[in-house]
Amino acid sequence: MSTALPIAPPSIAPLREFVGAFGRLLDSAPDEPRILAEGGALLRTLVARDDWLPDAFAQPDPARYQQFLLHADSTERFSVVSFVWGPGQATPVHDHTVWGLIGMLRGAEYSQGHVFGSDGIARPQGEVVRLDVGDVEAVSPTVGDLHRVHNAHADRVSISIHVYGANIGAVRRHTYPTEGGRKPFVSGYSNALLPNLWDRSAELRSTTPE
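Keep in mind that this is a model prediction, so the values were computed, not measured.

Looking now at unusual backbone geometry. Unusually for a residue other than glycine, alanine 29 sits at a positive phi of about 55 degrees. As for its position among the elements, alanine 29 is in the loop between helix H1 (13-27) and helix H2 (32-47). By relative accessible area, which is 66% here, alanine 29 ends up exposed.

When the terminal C-alpha atoms of H1 are compared, their 21 Å separation across 15 residues agrees well with the 21 Å that a helix rising 1.5 Å per residue should span. Among the 15 residues in H1, 11 count as buried, and that is most of the element. Taken residue by residue, H1 has Ala13, Pro14, Leu15, Arg16, Phe18, Val19, Ala21, Phe22, Gly23, Leu25 and Leu26 as its buried positions.

Our next topic: the packing of H1 against H2. Two numbers describe a pair of packed helices, the interaxial angle and the distance between the axes. The geometry of H1 relative to H2 is characterised by a closest axis approach of 10 Å and an angle of 170 degrees between their N-to-C directions. Of the possible angle classes, the one that applies to H1 and H2 is roughly antiparallel. Contacts between H1 and H2 involve Pro14, Leu15, Phe18, Ala21, Phe22, Leu25 and Leu26 from the former and Arg34, Ile35, Glu38, Gly39, Leu42, Leu43 and Leu46 from the latter. In the contact of H1 with H2, the residues fall into 11 nonpolar, one polar and two charged.

Here is what the cut-offs are and how they apply
Residues numbered from 1 in each chain as written. Predicted model: local features only at pLDDT ≥ 70, side-chain atom pairs only at ≥ 80, totals over all residues. Heavy atoms only, no water. Helix = DSSP H or I, 4+ residues; strand = E, 2+ residues; numbered from the N terminus. Buried < 20%, exposed > 50% of the residue type's maximum accessible area, 1.4 Å probe, protein only. Expected span 1.5 Å × (residues − 1). Axes fitted to C-alpha atoms, helices over the stretch in contact; angles between N-to-C directions. Parallel < 35°, antiparallel > 145°, perpendicular 65-115°, else oblique. Contact = heavy atoms within 4.5 Å. Nonpolar A, V, L, I, M, F, W, Y, C, P; charged D, E, K, R; others polar.

So, in structure tokens, the structure goes:
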């Protein structure tokens with residue numbers, strides 16, 4: 001009689017490698033276009049595979065989308081989050097105030113850019129952008145910072161990985177109601193614990209001769 005072996009947890013090494021590479025990119029003091037170009041390429045590599053995100057940071061909530069912190073740089077130069085969409089969930093129109101990169105890991109999402117009219121009301125501008133698995137999009141006050149995003153699927157979860165030029169959960173930002181005006185918000189995070197990127201013991205044990 002065979003005994004089923006426990007399923008091994010995903011290796012978080014791809015995220016660790018991404019964090020290290022992104023930190024080295026920022027160490028070189030790049031301008032924003034280079035961050036978005038080279039950082040976007042790094043994120044595209046990360047979301048090209050889906051075997052590294054721990055289940056604890058991939059859980060939807062029936063009431064609202066979830067934002068899980070995966071890593072925050074020690075000097076808050078950048079942060080990495082998983083954005084988990086329940087079926088049909090959407091954001092209000094909102095800004096970021098810093099540069100950001102969004103990479104699609106599972107499912108798909110739609111992003112509709114907005115601009116302010118002469119009356120100060122934020123209205124849709126341009127075509128709706130669909131992000132499918134592996135796609136990456138940039139936002140910032142210089143390239144377009146105002147949008148509304150929603151899960152492209154009404155029947156399943158979608159997950160995107162975001163990188164921002166700040167500790168995004170502690171940034172003062174705004175939403176923009178359809179009737180005009182703006183409302184301040186600080187997003188915070190949905191998790192109380194962080195994934196352990198730095199425990200290499202399991203990997204080392206698996207390659208250490210007895």
